[in-house]
Amino acid sequence: MLSALANALKTPDLRKKILFTLGIITVFRLGSSIPTPNVNMSRINECVDLASSGDQAGLYSIVNLFSGGALLHLTIFALGIMPYITASIILQLLTVVIPKLEALKKEGASGTAKITEYTRYLTLVLAVLNATAYVTMARTGQLFQGCTGIIYSEELFPLITMVLIMTAGTGVIMWMGELITERGIGNGMSIMIFTQIAASFPTGLWSIKQGHPGAVGWFLFFAVIGIGLLVMLAIIWIEQGQRRIPVQYAKRMVGRRLVGGSTTYIPLKVNQSGVIPVIFASSIMYLPVLYATFRPEGAVSEWIIANFTGSGVYSWVYTVVQFVLIIAFCYFYVSITFNPEEVSDNMKKYGGFIPGIRAGKPTERYLAYVLSRLTAPGSLYLATIALIPTLAFIAVGAQQNFPFGGTSILIIVGVGLDTVKKIESQLQQRNYEGFLR
């Protein structure tokens, strides 16, 4: 593997793409460390230390998951890539609801470019709203409960400057992600998320060692690494699993030529929805926490704080709700991304059929049946992976710093697999040798 990687770096075009991607990642991490103007960094560091060890540690970990530590420090890239991800999900859902967007999606490259343009505009709108919310929370002391003085001036102009810089930071991140997609290796937005999550891995691992001094700490440190590698192996095995439905195309005359007669297949993955259901569920779980943050008084807020924040994220209520939401969103997302009726109509239009299944409605019912049978184990797999942090807390007391769990490990493995496949395909185009031997 190392020799193959060395060969990849020896290829001029591929080496240029890899170095370009690494350069963008370096700029991205640098921007995630530079604070916005008007921020008291010494006070911010004190508040982060208090928040990480207090009762609200679970809440701050959820808020900070996709920022690699940049959000709580109010850096210029504090919002990270999440406004773009949220905008992409919203546009994807609206494509099913709004006929105009659905028509654009069917137009091909030109329609996709228009939807991408709408996504960019919506990203900037969401970035302004998010930046305004976080700056307001920093000014009022709600960003860190009971911790004030994290900004120097509360006048209007410095606050507006902070909002504009954070919004511009999101625009720069979006631009850098598109640059990686065009000139680098892999999907730029996915690599940005990968970078943000991977940045917190060393801290999470070392916190396990520090929480258990002596030989026990070192044992747990290496045990967690070993368990994490086994979990990654299991995720790779399941992510690569798919049900291949054979499709045959009848021969037909096109002009004077006889075309068709080929055999192919429809690949249906076990995890057809990817990591999106986990992100959806995490967002929904955060809404009651957000309500309790802004309105801490009342019996409802007290119940939410007791069951959804801090040590409450390990309660059976939180676990059951998260488990059910992930399964529900799995079925929901698969239903809007894979349309058996549309696939059946396209097959019928081009003379394709599944052996043993009649074209039309029988094919549609068969595809829906197979998809539902695949979604059941796929949703259970996602929900189980998301519960790994809870099991880690029970076993080693890792709390939210446990690095190999939930959304983070799914994204890390998924993006890693995609990037390796892109490098492998680039090598195969040049010397017919894969990245992995």
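For every chain, the first residue of the written sequence is number 1, and numbering continues from 1 onward in sequence order. Side-chain atom pairs in this predicted model are given and counted only at pLDDT of 80 or more, local residue features only at pLDDT of at least 70, and totals for whole chains, interfaces and linings cover all residues. Derived side-chain values reflect all non-hydrogen atoms in the structure, with water molecules and hydrogen atoms excluded from consideration.

### What about the overall build of the chain?
Counting from the N terminus, the helices are the DSSP runs of H or I reaching at least four residues and the strands are the DSSP runs of E reaching at least two. Counting secondary structure elements, the chain contains 18 helices and five strands. In this scheme, a residue with accessible area under 20% of its type's maximum is buried, one over 50% is exposed, and one in between is partly exposed, where area comes from a 1.4 Å probe on protein chains only. Here the chain holds 437 residues, and 44% of them are scored as buried. Areas reported as accessible are Shrake-Rupley estimates using a 1.4 Å probe. Residue values count occlusion only from the protein chains shown. Split by element, the accessible area of the chain, about 22600 Å² in all, is 64% carbon and sulfur.

### Here's the deal with helix H15 (residues 340-349)
The complete set of buried residues in H15 reads Pro340, Val343, Ser344 and Met347. End-on view of H15: buried residues confined to an arc of 100 degrees, all on one side of the axis. By definition, residues are in contact when any of their heavy atoms lie within 4.5 Å. Packing partners of the buried residues in H15 comprise strand E1 (242-249), strand E4 (263-269), strand E5 (352-353) and helix H16 (361-386). Relevant arc is that of directions from the helix axis to the C-beta atoms, nothing else.

### Some thoughts on the side chain of Thr123
Checked against the element boundaries, Thr123 lands in helix H7 (residues 109-140). The exposure class of Thr123 is buried, given its relative accessible area of 0%. The contacts of Thr123, once residues within four sequence positions are left out, are Pro83, Tyr84, Ala87, Thr170 and Met174.

### A few points about unusual backbone geometry
Of note in the backbone geometry, Asn38 takes a positive phi value of approximately 80 degrees without being a glycine. By the secondary structure assignment, Asn38 is in the loop between helix H2 (12-31) and helix H3 (41-53). Its relative accessible area of 15% is what places Asn38 among the buried residues.

### Concerning the pattern of salt bridges
Salt bridge criterion: a side-chain nitrogen from Lys or Arg within 4 Å of a carboxyl oxygen from Asp or Glu. As enumerated under the stated definition, the model contains four salt bridges in all. Among the salt bridges present, the one from Glu178 reaches Arg120, with a minimum N-O distance of 2.9 Å. Separated by 58 residues along the polypeptide, Glu178 in helix H8 (residues 156-183) and Arg120 in helix H7 bring together distant segments of the chain. Overall, the relative accessible area of 17% leaves Glu178 in the buried class.

### Observations concerning the packing of helix H5 (residues 82-97) against helix H14 (residues 316-337)
Working convention: axes come from line fits to C-alpha atoms, limited for helices to the stretch in contact. Angles between N-to-C directions cover 0 to 180 degrees. Interaxial distance between H5 and H14 falls to 10 Å at its minimum, and their mutual angle equals 60 degrees. Taken together, the axes of H5 and H14 lie oblique to each other. Classified by chirality, the crossing of H14 by H5 is left-handed. The residues of H14 that touch H5, namely those facing Gln92, Leu93 and Val96, are Phe332, Tyr333, Ile336 and Thr337. In terms of residue class, the contact of H5 with H14 is made up of five nonpolar, two polar and no charged. Roughly parallel here means an angle under 35 degrees, roughly antiparallel means over 145, roughly perpendicular means 65 to 115, and every remaining angle is called oblique. Crossing handedness: left-handed means the near helix sits turned counterclockwise from the far one by under a right angle, and right-handed means the same turn made clockwise. Classes in brief: Ala, Val, Leu, Ile, Met, Phe, Trp, Tyr, Cys and Pro nonpolar; Asp, Glu, Lys and Arg charged; the others, Gly included, polar.

### Remarks on the sheet that holds E4
Within a sheet, each strand pairs with its neighbour through backbone hydrogen bonds, oriented either parallel or antiparallel. Spatially, the three strands line up as an open sheet ordered E4-E1-E5, and their pairing is antiparallel. The sheet is open, and its two edges are formed by E4 and E5, each paired on a single side. Where E1 lies against E5, two bridges are found, and the strand directions are antiparallel. Its bridge partner being in E5, Tyr249 is matched across the sheet by Gly352. Here the rule is simple: two strands pair whenever DSSP picks up at least two bridges between them.

### Some details on the UniProt feature "transmembrane region" (unreviewed entry) in the chain
UniProt positions are given in the numbering used here, feature names are shortened, and annotations may be inferred rather than shown by experiment. Feature annotation in UniProt places "transmembrane region" (unreviewed entry) on residues 70-97, 118-136, 156-177, 189-209, 215-238, 275-294, 314-334 and 374-396, given in this structure's numbering. Split by type, residues 118-136 is 100% helix and 0% strand. Its first and last C-alpha atoms lie 27 Å apart. Across residues 215-238 one finds 100% helix and 0% strand; the C-alpha atoms that close the span lie 35 Å apart.

### Comments concerning H2
With 20 residues, H2 should reach 28 Å at 1.5 Å per residue; the first-to-last C-alpha distance of 29 Å fits that figure. Residues Leu14, Ile18, Thr21, Ile24, Ile25, Phe28 and Gly31 constitute the buried set of H2. Looking straight down H2, one finds its buried side chains confined to an arc of 150 degrees; they lie on one side. In H2, the exposed residues that point more than 90 degrees away from the buried face are Pro12, Lys16, Leu19, Thr26 and Leu30. In a helix, the anticipated span is given by 1.5 Å times the number of residues less one.

### Points about the nonpolar core
The set of buried Ala, Val, Leu, Ile, Met, Phe, Trp, Tyr and Cys residues whose side-chain atoms join them within 4.5 Å is what this entry labels a nonpolar core. Counting residues in hydrophobic clusters, the biggest one holds 44 residues, and the most contacted among them are Ile235, Ile385 and Leu410. With six residues, helix H18 (residues 406-431) is the largest single contributor of residues to this core. Among the nonpolar cores identified, the runner-up in size contains 23 residues, and Tyr134, Phe144, Ile150 and Met162 belong to it.

### Some words on the confidence of the model for the chain
Model confidence for the chain is summarised by a mean pLDDT of 78, while 81% of its residues fall at 70 or above. Across the chain, each position has a pLDDT score giving the predictor's confidence in that residue, from 0 to 100. Mean pLDDT across the secondary structure elements of the chain bottoms out at helix H4 (residues 57-63), with 55, and peaks at H8, with 90. Here residues 433-437 scores under 50 on pLDDT; set against residues more than four positions off or in separate chains, the count is 19 contacts.

### Quick notes on the side chain of Ser273
Counting through the fold element by element, Ser273 comes out in the loop between E4 and helix H12 (276-294). According to the relative accessible area criterion, Ser273 is buried, its value standing at 5%. For Ser273, the residues in contact, after removing those within four places along its chain, are Cys330, Tyr333, Val334 and Leu382.

### Topic: a nonpolar patch on the surface
A surface patch of nonpolar side chains, amounting to about 380 Å² of accessible area, comprises Ile90, Leu94, Val96, Val97 and Ile98. Here Val96 shows up in helix H5. With relative accessibility at 45%, the residue Val96 sits in the partly exposed group. Nonpolar side chains (Val, Leu, Ile, Met, Phe, Trp, Tyr) are joined into patches within 5 Å and like charges within 9 Å, using only residues with over 30% relative accessible area and no salt bridge.

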